[in-house]
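# Tertiary structure, described
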Amino acid sequence: MLFRLCLVSVLTCTSLLAGAQTVTLDYFFNRETRKDKQGKEIRFHYLWNEHAMSGFSILGDVFKKEGFKLDSLETAPTLANLKGSNVYLIVDPDRPKENPKPNYIEAEHIAAISAWVKQGGVLVMFANDSANVELPHFNKLANVFGMHFTNEMQNHVIDDAHFEDGAIVIKNNPVFKTAKKIFMKDVCAIGTKNGAKPVLKNAAGATVIASAKFGKGNVVAIADPWLYDEYVNGRLPKEMGFENDKAAYDLAVWLKSLSKK
């Protein structure tokens, strides 16, 4: 009897794991390094296991709570190595300022990613303001899906005394159903055409999140890395009512729904 219960438990867990969706974070186009206290070169910035302000550890935890398995891709994307991923995140591709030898998004990468999306994958492109991201090559990918990251800065925040300048109030949004006020500072704007649609706009009317259907899959463009630990873990003034933690949850739920279609 005990053996049978254990067997049922193992089979149940195996079945749940087999059914879990995988969210893969790019570590190829964003590959920043710095020296630690011992002078050793280490990776940092937008990593799943990075618990510093610049990491994505909290966002990763949100995905895990929604049933996702976390993965990362250290090499250039191909149709073969994207096959096991349901959601693929590309965040803030490097310029020479961040990486002396950046891996730019080239034609072969665009062909592989767009073919994967067409088969049902969900691509999420996190940009930044034009001074802090490599937009020309990133836009070659975005343009395939009818979206374009502009050089126009939105929600400029001078310092911590001006947090409200980065606020976006959300009402009756089909994606952000629990978050009512979020913080996105120093972001670009997103142009849309050919079926791509705005998902969220700021107070000035600029699109900061957009989406597009492509074949069986979907593409989401976001104007900033936005949900890294610094702006999800309480650094934002609580009295101002920002809900980036809820927005992270809303985003994960939405991407999960897209990847099932």
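Attention in this report is confined to the structure presented alongside it. (Residues numbered from 1 in each chain as written. Predicted model: local features only at pLDDT ≥ 70, side-chain atom pairs only at ≥ 80, totals over all residues. Heavy atoms only, no water.)

## With respect to the packing of helix H3 (residues 107–118) against helix H4 (residues 135–144)
Relative orientation of the contacting elements H3 and H4 amounts to 35°, with a least axis distance of 10 Å. Both H3 and H4 take part in a crossing whose hand is right-handed. Together, Ile110, Ile113 and Ser114 of H3 and Lys140, Leu141 and Val144 of H4 make up the contact between the two elements. Each residue belonging to the contact of H3 with H4 can be placed in one class, and the counts come to four nonpolar, one polar and one charged. (Axes fitted to C-alpha atoms, helices over the stretch in contact; angles between N-to-C directions. Helix = DSSP H or I, 4+ residues; strand = E, 2+ residues; numbered from the N terminus. Left-handed = near helix turned anticlockwise from the far one by under 90°. Contact = heavy atoms within 4.5 Å. Nonpolar A, V, L, I, M, F, W, Y, C, P; charged D, E, K, R; others polar.)

## Focus: the pattern of salt bridges
Oppositely charged side chains may form a pair once their charged atoms are brought near each other. All chains considered together, the criterion is met by eight salt bridges. Taking the shortest distance from any N to any O, the salt bridge between arginine 235 and aspartate 160 comes out at 3.1 Å. With arginine 235 in the loop between strand E13 (217–222) and helix H5 (244–259) and aspartate 160 in the loop between strand E7 (147–154) and strand E8 (167–169), this pair connects stretches of sequence that are 75 residues apart. One salt bridge in this structure joins arginine 235 and glutamate 230, with 2.6 Å as the shortest N-O distance. Judged by relative accessible area, glutamate 230 falls into the buried class, the value being 18%. Here the salt bridges do not stand alone but share partners, grouping Arg31, Arg43 and Glu74 into one network. (Salt bridge = Lys/Arg side-chain N within 4 Å of Asp/Glu carboxyl O. Buried < 20%, exposed > 50% of the residue type's maximum accessible area, 1.4 Å probe, protein only.)

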